[in-house]
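Topology and contacts: notes
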Amino acid sequence: MIRTHNLGFPRIGKNRELKFALESYWRSEISQQKLLNIGQSLREQHWQLQGNLDFQPVGDFSFYDHVLDTSILVGNEPGRVNPDANTLDRLFQIARGQSQQNSTTCEHHCAAGEMTKWFDTNYHYIVPEIDNQTRFALHADNLLNQVREAKALNHNVKPVIVGPVTYLWLAKTKDETNKLSLLDDLVVVYEQLLIRLADEGVEWVQIDEPILVTELDPSWQHALKQAYFSLHKTPVKLLLTTYFGQLKDNLLLACELPVDGLHIDAITGFDEISKVVDWLSPLKVLSLGIINGRNIWKTDLNTTLDWLEPIATRLKDRLWLAPSCSLLHVPVDLTNEDCLDKEIKSWLAFAVQKIEELSVIAHALNYGRSSVASQLQHNAAAIASRQHSDRVHNPVVKTRSSEISNAMSQRQSDYKHRALTQKKRFKLPLFPTTTIGSFPQTNAIRQARKHYKNGQLNHSDYEQFIKSEIKHTIDIQEEIGLDVLVHGEAERNDMVEYFGQQLDGYAFTEFGWVQSYGSRCVKPPIIYGDISRPNPMTVAWACYAQSLSKKPVKGMLTGPVTMLNWSFVRDDQPRSQTCLQLALAIRDEVLDLEQAGISIIQIDEAALREGLPLRQSQWQQYLDWAVTSFKISANGVSDSTQIHTHMCYSEFNDIIDAIANMDADVITIETSRSDMELLDVFNEFNYPNDIGPGVYDIHSPNIPSVEQIVSLMTLAAERIDIEKLWLNPDCGLKTRGWDEVTPALKALVSASHSLRKTLTQ
Ligand code: GLN
Ligand code: ZN
């Protein structure tokens with residue numbers, strides 16, 4: 001019999017129960033016991049939803065993050081955490097910094113742990129901290145209790161843990177500690193854990209080593225051997241799991257590690273399946289991740305069976321089936337999406353539906369396709385409808401993207417020439433001041449948008465409201481004395497959704513939430529078809545804003561790469577193709593803005609960097625199409641129109657070529673927290689265009705002083721020619737209050753005045 005299992009189920013609950021419970025607990029509105037009960041009931045529901053599988057994952061649930069849970073499991077808590085708090089509160093201290101309700105008990109410095117992206121996903125984990133003092137010790141109670149809980153409900157338990165080598169690889173060292181020098185010590189703790197799990201009657205343990213899909217140097221490859229030769233001796237069977245990509249150079253290693261089974265991602269690693277089938281020892285289980293755990297499309301069950309049946313015949317009992325990776329990265333359940341277009345809904349599968357797909361495939365393999373004939377037929381109909389639907393395929397868009405020429409990505413003249421033209425047009429002072437786009441999103445703004453959406457506010461009243469917000473924002477900027485103004489983005493809830501809703505080819509769900517970190521969830525829109533822009537999206541607001549001021553008001557758009565990277569995208573054409581379609585739609589908007597008299601246009605690419613592939617060897621290919629897409633969106637304008645772009649980060653060291661190649665007239669970036677050192681790379685590269693290094697951190701309520709800004713800009717001026725420097729905050733101001741924003745921007749403007757005097761003498 002072919003067996004089925006799941007690598008992990010989303011934790012947040014169908015209605016984001018976990019989010020609301022966590023936030024209530026953090027506000028001291030519910031007891032810890034209540035929170036624990038909610039967690040337990042979510043786990044029960046999730047196991048039940050996976051009841052048809054042969055194994056149920058245990059340990060995939062987490063109150064915050066599974067990597068942080070692993071840190072607690074192996075006794076690696078930062079020293080600053082209050083030892084008197086109970087385990088869960090210590091966990092929250094590490095995750096969030098000093099928590100409000102515990103402020104009196106937390107005398108230590110309780111800075112939050114660093115958070116970063118889990119491989120190439122939008123899930124963020126808490127980075128384990130290690131140094132040469134780190135000693136590991138097993139704290140297995142939490143995991144063992146969950147194992148008992150699932151067993152009591154008669155589930156066939158398969159604990160899920162992050163492997164020791166991946167754990168160390170994810171960790172950060174504050175000193176020179178060689179991470180791998182801690183491996184032996186860590187492996188001892190894992191051995192103890194596996195013995196404890198065996199004592200609980202566990203047969204199989206899933207141990208995740210996703211680093212196997214990254215470029216590993218020999219010391220890490222060796223570490224994997226070393227760890228698994230030790231863990232092999234424990235009395236459980238290990239299923240080593242890899243996901244998110246191909247094994248490539250690590251394929252032989254993955255096949256040869258002494259474990260009892262290997263899971264590979266059969267979606268991204270499709271081309272490697274037959275090699276793994278050939279190379280894996282006949283004593284080992286092969287688990288194929290055949291259902292895409294990273295997107296929301298239905299699996300083509302019949303086509304999957306076509307290639308899977310011969311493998312099943314060959315491997316028989318040795319074949320297991322699963323989603324490609326944990327389902328953490330997809331929404332929970334499609335069932336209640338009643339507002340979605342019926343045809344589009346019929347093409348989708350969220351976690352619950354993916355588990356059903358898995359069961360159908362296993363059934364077809366174990367009992368013949370005829371045993372699930374009606375399910376297969378339904379699936380075939382949905383797949384065919386998607387393949388042929390004219391909602392998906394728009395011949396006009398296809399023709400247009402096939403006719404994209406090189407010239408479309410080039411400005412009329414090179415930067416030097418444009419800069420002169422623009423200098424004459426704008427006559428901006430040295431150190432021109434501007435902002436990144438959004439201004440405070442007050443309750444009144446959120447209310448108005450909500451009431452407009454649910455019909456409580458009619459169109460013309462809504463329009464009046466937004467206009468009054470724009471006017472207010474322009475007036476304040478005039479009063480403060482900024483040089484390049486913005487309209488403030490009051491009409492936007494989200495920088496991707498706002499545009500997606502106005503583009504053809506985009507769909508939106510009501511409950512399609514995915515965990516981003518802790519209690520934070522995002523609801524990525526779905527790109528289901530060819531993208532086009534039926535009508536201008538921002539022109540009316542931009543023109544209204546410009547009509548209120550003689551100073552230039554920047555048009556404000558989200559770039560194609562960011563639209564792509566923050567959406568669920570089609571799997572029936574390359575990402576690069578979808579990105580080009582987005583680029584054409586944004587280009588239309590850019591040209592309409594220009595035509596309407598908007599002289600400066602900013603195209604945000606907040607998410608360009610995070611789209612980089614896991615393997616550096618594939619970066620260039622991504623950067624090539626990503627940068628081309630940006631340029632197609634931006635570069636149809638005349639020399640006298642100034643293009644800005646903004647990026648919410650500043651690690652440009654390894655991609656500075658690509659950034660320069662984008663050729664935006666002005667780039668604004670996040671730099672304030674690094675004392676401008678991040679500008680070194682622009683300096684060394686001799687970056688030719690203008691730069692606005694963020695001079696204060698908008699994530700903090702602190703209001704910067706004039707002196708702080710002047711001193712940061714003085715540091716910037718040591719690295720960058722002052723003719724090229726702009727003054728602006730790190731990012732948009734939508735999360736701040738007016739009482740913070742107004743004085744901060746006044747300081748920014750005063751700083752520019754003082755710099756103009758001191759640095760030009
Ligand atoms: N223009 C956007 C804003 O100011 C940019 C946000 C972002 O880069 N994340 O809000
Ligand atoms: Zn930003």
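Heads up: these notes are all about the structure in this document. Since the model is a prediction, treat every value here as computed from it, not as a measurement. (Residues numbered from 1 in each chain as written. Chains lettered and ligands numbered in written order. Predicted model: local features only at pLDDT ≥ 70, side-chain atom pairs only at ≥ 80, totals over all residues. Heavy atoms only, no water.)

**Side note on helix H11 (residues 301–315)**
The periodicity of an α-helix, 3.6 residues per turn, causes residues three or four positions apart to be oriented the same way. Over its 15 residues, H11 runs 19 Å from end to end, which matches the ideal 21 Å to within 8%, given 1.5 Å per residue. The largest bend along H11 reaches roughly 40° and is located at Leu-308, with the proline Pro-310 sitting one to four residues downstream. What H11 keeps buried is the set Leu-301, Asn-302, Thr-304, Leu-305, Leu-308, Ile-311, Ala-312 and Leu-315. Phi turns positive, to about 50°, at Lys-316, one or two residues after H11. (Helix = DSSP H or I, 4+ residues; strand = E, 2+ residues; numbered from the N terminus. Expected span 1.5 Å × (residues − 1). Bend = angle between axes of the 7 residues up to and from the residue. Buried < 20%, exposed > 50% of the residue type's maximum accessible area, 1.4 Å probe, protein only.)

**A short note on the pattern of salt bridges**
Counted under the stated rule, the structure contains 35 salt bridges. One salt bridge in this structure joins Lys-172 and Glu-114, with 3.0 Å as the shortest N-O distance. Highlighted residues: Lys-172 in strand S7 (residues 172–173) and Glu-114 in the loop between helix H4 (87–96) and strand S3 (115–117), separated in sequence by 58 residues. Relative accessible area serves as the criterion here: at 39%, Glu-114 is assigned to the partly exposed category. A salt bridge links Arg-391 to Asp-341, with the nearest nitrogen and oxygen atoms 2.5 Å apart. (Salt bridge = Lys/Arg side-chain N within 4 Å of Asp/Glu carboxyl O.)

**A closer look at the packing of aromatic side chains**
Considering all chains together, one arrives at 21 aromatic pairs under this definition. With a centroid separation of 6.0 Å and an interplanar angle of 50°, the aromatic rings of Phe-119 and Phe-244 are classed as tilted. Pair noted here: Phe-119 is in the loop between S3 and strand S4 (124–126) and Phe-244 is in the loop between strand S9 (237–241) and helix H9 (251–256), with a separation of 125 residues, a long-range link. You can call Phe-119 buried: its relative accessible area is 11%. You can call Phe-244 buried: its relative accessible area is 5%. Taking NZ or CZ as reference, Lys-467 lies 5.0 Å from the ring centre of Tyr-544, over its face. (Phe/Tyr/Trp six-rings, centres within 6.5 Å; stacked < 30°, edge-to-face > 60°. Lys NZ or Arg CZ within 6 Å of the ring centre and 35° of its normal.)

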